[in-house]
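Architecture at a glance
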Amino acid sequence: LTGRIGEVLRRRTAPVGAVSRFGDEASAPFGVASAPLILHCPSGRVAALADVLRAHGADTVTVSKLDWIFAAGNEMADALDTALA
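Let us look at the structure shown here. (Residues numbered from 1 in each chain as written. Predicted model: local features only at pLDDT ≥ 70, side-chain atom pairs only at ≥ 80, totals over all residues. Heavy atoms only, no water.)

Considering the overall build of the chain
Scanning the chain for helices and strands turns up three helices and three strands. Evaluated residue by residue, the chain yields a buried proportion of 29% over its 85 residues. Restricting the contact set of the chain to residue pairs at least 6 apart, pairs at least 24 apart contribute 68%. Element-wise, carbon and sulfur atoms account for 57% of the exposed surface of the chain, whose accessible area totals about 5,700 Å². (Helix = DSSP H or I, 4+ residues; strand = E, 2+ residues; numbered from the N terminus. Buried < 20%, exposed > 50% of the residue type's maximum accessible area, 1.4 Å probe, protein only. Contact = heavy atoms within 4.5 Å. Areas by Shrake-Rupley, 256 points an atom, 1.4 Å probe, with all protein chains shown as cover.)

Quick notes on the nonpolar core
Generally speaking, soluble globular proteins have nonpolar side chains that are buried together. Core analysis: the biggest nonpolar cluster contains 10 residues, these being Phe22, Ala26, Leu37, Leu39, Cys41, Val46, Leu49, Val52, Leu53 and Ala58. At four residues, helix α2 (residues 46-55) tops the list of elements feeding residues into this core. (Core = buried A, V, L, I, M, F, W, Y, C linked by side-chain atoms within 4.5 Å.)

Section: α2
An α-helical segment advances 3.6 residues per turn. Residues three or four places apart therefore align on the same side. Of the residues making up α2, those classed as buried are Val46, Leu49, Ala50, Val52 and Leu53. The arc that holds every buried residue of α2, seen down its axis, measures 160 degrees, which confines them to one face. Turned more than 90 degrees from where α2 packs its buried face, Ala47, Arg54 and Ala55 sit exposed. Residue Gly57 follows α2 closely and has a positive phi angle near 105 degrees. (Arc of directions from axis to C-beta.)

A few points about the pattern of salt bridges
Applying the stated criterion to the full structure yields three salt bridges. For the salt bridge of Glu25 with Arg45, the shortest nitrogen-to-oxygen distance reads 3.1 Å. In this pair, Glu25 sits in the loop between α1 (14-20) and β2 (37-42) while Arg45 sits in the loop between β2 and α2, placing the two residues 20 residues apart along the sequence. Residue class for Arg45 comes out partly exposed when judged on its relative accessible area of 30%. (Salt bridge = Lys/Arg side-chain N within 4 Å of Asp/Glu carboxyl O.)

Looking at the environment of Thr60
Checked against the element boundaries, Thr60 lands in strand β3 (residues 58-66). Its relative accessible area of 42% is what places Thr60 among the partly exposed residues. Taking C-alpha positions, Thr60 is 9.3 Å from Ala50, a pair spaced 10 residues apart along the chain.

Right, dumping it as structure tokens:
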């Protein structure tokens, strides 16, 4: 499962360092300059990421579960399309 974290920061430079601590586990699908900042991470890491964001100046951190994620590219569908072509 993946959690969606939205947060509002007083300082817009903080999330880059905070997110980088989570490596490939956290991603900012809309970039780190978006307001509010939207992050995706595994549900088991949501609390830890929220703690880091709060420690870096987040006034508010909200968390919601992502049931579905649709992306422009889909590795499994692309492989199937290639195999069927």
